[in-house]
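# Structure assessment
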Amino acid sequence: LINIIFSLMYKNIPNYNENMNQSAINQMITKNPLFSALSFFEIVLFAPVIEELTYRFGLGGLIVGKKKRFVVAILVSSLIFGLIHFNGLTIQITKLEAEIFYKAGESGNSSLIQLAESLNFTGFANGITETSYNSFIDHLNILMRNEWLNLPIYIVSGACLGSAYFFSGKLSSSIFGHALNNLLSYVFMF
């Protein structure tokens, strides 16, 4: 429901797309049929259990303590959950690397092309020019904007999962909700 609401809010934003975390998962699943089958267990079962144990039970439980600070636990664990799925630092480092490779000239061009291809940018097919380099930087800026736009989705989702855990008192509640969300995402990828 959260994904649908945010998708409706963001639908008119040019070049809006999923964040790098989701994009990497989509690529892994769609490129290799064997990985598609095996990834089901990682995405739908293992990730929800591990993440709920880490963020809700571990971190959240530590924060709640004897004073029963449920709201603080939900807020902090949700923020950390969101930031773990945020790749803004990776994009900033990539921009720095791109600038270094571009300024290095001929010796750095193959590294810049490899860097660009790793982020699905194919604008260097006819060589590296100032225009194609600027297009790559624009591409990185769009990726960064999408990371910021997707961050609230992860934080609000984390808050829902945290609420399910802390108000029910059962870790199975947040694990089930997380697994169901990942299952739906997994099915929609195909």
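Parameters and conventions
- Residues numbered from 1 in each chain as written.
- Predicted model: local features only at pLDDT ≥ 70, side-chain atom pairs only at ≥ 80, totals over all residues.
- Heavy atoms only, no water.
- Helix = DSSP H or I, 4+ residues; strand = E, 2+ residues; numbered from the N terminus.
- Contact = heavy atoms within 4.5 Å.
- Areas by Shrake-Rupley, 256 points an atom, 1.4 Å probe, with all protein chains shown as cover.
- Axes fitted to C-alpha atoms, helices over the stretch in contact; angles between N-to-C directions.
- Parallel < 35°, antiparallel > 145°, perpendicular 65-115°, else oblique.
- Left-handed = near helix turned anticlockwise from the far one by under 90°.
- Nonpolar A, V, L, I, M, F, W, Y, C, P; charged D, E, K, R; others polar.
- Expected span 1.5 Å × (residues − 1).
- Buried < 20%, exposed > 50% of the residue type's maximum accessible area, 1.4 Å probe, protein only.

### A few points about the overall build of the protein
- Within the protein, the regular secondary structure consists of eight helices and zero strands.
- The N-to-C order of helical and strand elements in the protein reads α-α-α-α-α-α-α-α.
- Long-range pairs, those at least 24 residues apart, make up 69% of the contacts in the protein between residues at least 6 apart in sequence.
- Here the protein displays about 11100 Å² of accessible surface, and carbon together with sulfur accounts for 66% of that area.

### Let's talk about the packing of helix α7 (residues 130-168) against helix α8 (residues 171-189)
- Relative to each other, α7 and α8 sit at 155°, their axes nearing to 7 Å. It follows that α7 is roughly antiparallel to α8 by the angle criterion. Considering only the axes of α7 and α8, their crossing is right-handed. Where α7 approaches α8, its residues L161, A164, Y165 and S168 are matched on the opposing element by L171, S173, S174, G177 and H178.
- For the contact of α7 with α8, the per-class residue count stands at four nonpolar, five polar and no charged.

### Focus: helix α2 (residues 20-31)
- Compared with an ideal rise of 1.5 Å per residue, which puts twelve residues at 16 Å, α2 spans 16 Å between its outermost C-alpha atoms and is within 8% of the ideal.
- Within the span of α2, buried status applies to M20, Q22, I25, N26 and I29.
- In this structure, the buried side of α2 is in contact with α3 (33-64), α5 (88-104), α7 and α8.

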